Amino acid sequence: MQEKINPEIEASWKNALSEEFNKDYFLELKKFLQTEKNNNQVIYPPGKFIFSAFNHTPLNNVKVVILGQDPYHGLGQAHGLCFSVNSNVKVPPSLNNIYKELNADIGMHIPQHGNLESWADQGVLLLNATLTVRASQAGSHQNKGWEIFTDSVIKKISEKKKGVVFLLWGRYAQAKEELINGINHYILKTTHPSPFSAHKGFLGCGHFSKANELLRKNGMQEIDWNSVNKAKSILV
């Protein structure tokens, strides 16, 4: 029996994005994913986790947005949140650098796992531009329609919210700046946390304390970035 390609998405997002689901590009995207399944291709994350970022962070709760590009394409890694991996999987290099920056910025102890659900549950939308990938083939589901969908997500946040902090790391994420109203929102930019570029600006950027300062300035509850350390028992 084939896995469902139609996982449920949280109600506020379903309402905000209802028009997208019926557009030609999204119908073609669904056909593409079904063809992948019919050809016995392994797709990450598993179907029930494709919309995890939305299910953990309803539109009304969004306070911070972190943009990624592709899901991880290794066995057991991706679970629908950018930069995040299941708790029983080795922490990837980019996330290691994120943890190093948190340690330098706010003194956070470096966690032993890479599950960032505790951030998402506080209002950090961990959004990849492409929501699926073929196993072991990075970028294999790019330019199939997901980017159109996630661009519309960014636009909806920009239109419907105020005071959201967008953390744009690397050139790919920074290209999305044109979708954001810079008058109504805050945009913090630096290099990608990848080992190839982290030392060119990411390490030392102070984005986590700056994001909380901006939230506090707007009378919003800060993100407890250290909540990852309180979630050591999570196993997915």
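Above this text is the structure in question.
Source: prediction; values computed, not measured.

Rules used in this analysis
- Residues numbered from 1 in each chain as written.
- Predicted model: local features only at pLDDT ≥ 70, side-chain atom pairs only at ≥ 80, totals over all residues.
- Heavy atoms only, no water.
- Phe/Tyr/Trp six-rings, centres within 6.5 Å; stacked < 30°, edge-to-face > 60°.
- Helix = DSSP H or I, 4+ residues; strand = E, 2+ residues; numbered from the N terminus.
- Buried < 20%, exposed > 50% of the residue type's maximum accessible area, 1.4 Å probe, protein only.
- Expected span 1.5 Å × (residues − 1).
- Contact = heavy atoms within 4.5 Å.
- Polar contact = N/O pair within 3.5 Å; in protein donor to acceptor, adjacent residues only side chain to side chain.
- Salt bridge = Lys/Arg side-chain N within 4 Å of Asp/Glu carboxyl O.
- Pairing = 2+ DSSP bridges.
- Axes fitted to C-alpha atoms, helices over the stretch in contact; angles between N-to-C directions.

Caption draft 1: Structural detail: the packing of aromatic side chains. On inspection of all chains with the given rule, the structure shows 17 aromatic pairs. With 6.0 Å between their ring centres and 80° between their planes, Phe51 and Trp146 make a pair best called edge-to-face. Separated by 95 residues along the polypeptide, Phe51 in the loop between strand E1 (43-44) and helix H3 (52-56) and Trp146 in helix H6 (residues 146-160) bring together distant segments of the chain. Considered together, Phe51 and Trp146 belong to a single accessibility category, that of buried residues. Ring geometry for Trp169 against Phe208: centres 6.0 Å apart, planes inclined by 65°, an arrangement best described as edge-to-face. In this pair, Trp169 is assigned in strand E5 (residues 165-169) and Phe208 in helix H8 (residues 207-217), connecting sequence segments 39 residues apart.

Caption draft 2: Main features of helix H4 (residues 93-106). In a regular helix each residue adds 1.5 Å, so 14 residues correspond to 20 Å; H4 covers 20 Å between its end C-alpha atoms and thus fits that length. Buried within H4 we find Ser94, Leu95, Asn97, Ile98, Tyr99, Glu101 and Leu102. The inward-facing, buried residues of H4 abut helix H5 (117-120), E5 and H8. Where H4 ends, the next residue or the one after it, Gly107, has phi of about 75°, a positive value.

Caption draft 3: Representation of the environment of Arg216 within the structure. Its place among the elements puts Arg216 in helix H8. At a separation of 2.6 Å, a polar atom in the side chain of Arg216 contacts the side chain of Glu222.

Caption draft 4: Expanded view of the pattern of salt bridges. Under the counting rule described, the total for this entry stands at 8 salt bridges. Linking Glu8 and Lys14 is a salt bridge whose minimum nitrogen-to-oxygen distance equals 4.0 Å. Glu36 is the partner of Arg134 in a salt bridge, and the nearest nitrogen-oxygen pair spans 2.7 Å. In this pair, Arg134 sits in strand E4 (residues 133-134) while Glu36 sits in helix H2 (residues 24-38), placing the two residues 98 residues apart along the sequence. When sorted by exposure, Arg134 lands in the same class as Glu36, which is buried.

Caption draft 5: Local environment of the sheet that holds strand E2 (residues 64-68). The strand order across the open sheet formed by 4 strands is E3-E2-E5-E6, and the pairing between neighbours is parallel. Both outer strands of the open sheet, strand E3 (124-128) and strand E6 (186-190), are each paired with one neighbouring strand and no more. Across this sheet, the average inter-strand angle for adjacent strands is 20°, counted without regard to direction. Pairing between E2 and E3: 5 bridges, direction parallel.

Caption draft 6: Here's a closer look at the side chain of Ser227. Here Ser227 shows up in the segment after H8. Polar contacts involving the side chain of Ser227 include one to the side chain of Gln122, which spans 3.0 Å. Ignoring any residue separated from it by four or fewer positions in sequence, one finds Ser227 in contact with Ser118, Trp119 and Gln122.

Caption draft 7: View of the side chain of Ser152. In this fold, Ser152 is placed in helix H6. The exposure class of Ser152 is buried, given its relative accessible area of 8%. In terms of polar contacts, Ser152 uses its side chain to reach the backbone carbonyl oxygen of Phe149, at 2.4 Å. Once you skip the residues sitting within four places of it in the chain, Ser152 turns out to touch Leu17, Glu20 and Tyr25.

Caption draft 8: Just unusual backbone geometry, in detail. Residue Pro45 is bonded to the preceding Tyr44 through a cis peptide linkage, with omega at -10°. Looking at where Pro45 falls in the secondary structure, it is placed in the loop between E1 and H3. Here the phi dihedral of Asn143 falls at roughly 60°; this positive angle occurs in a residue that is not glycine. As for its position among the elements, Asn143 is in the loop between E4 and H6.

Just distances and angles here, no functional claims.
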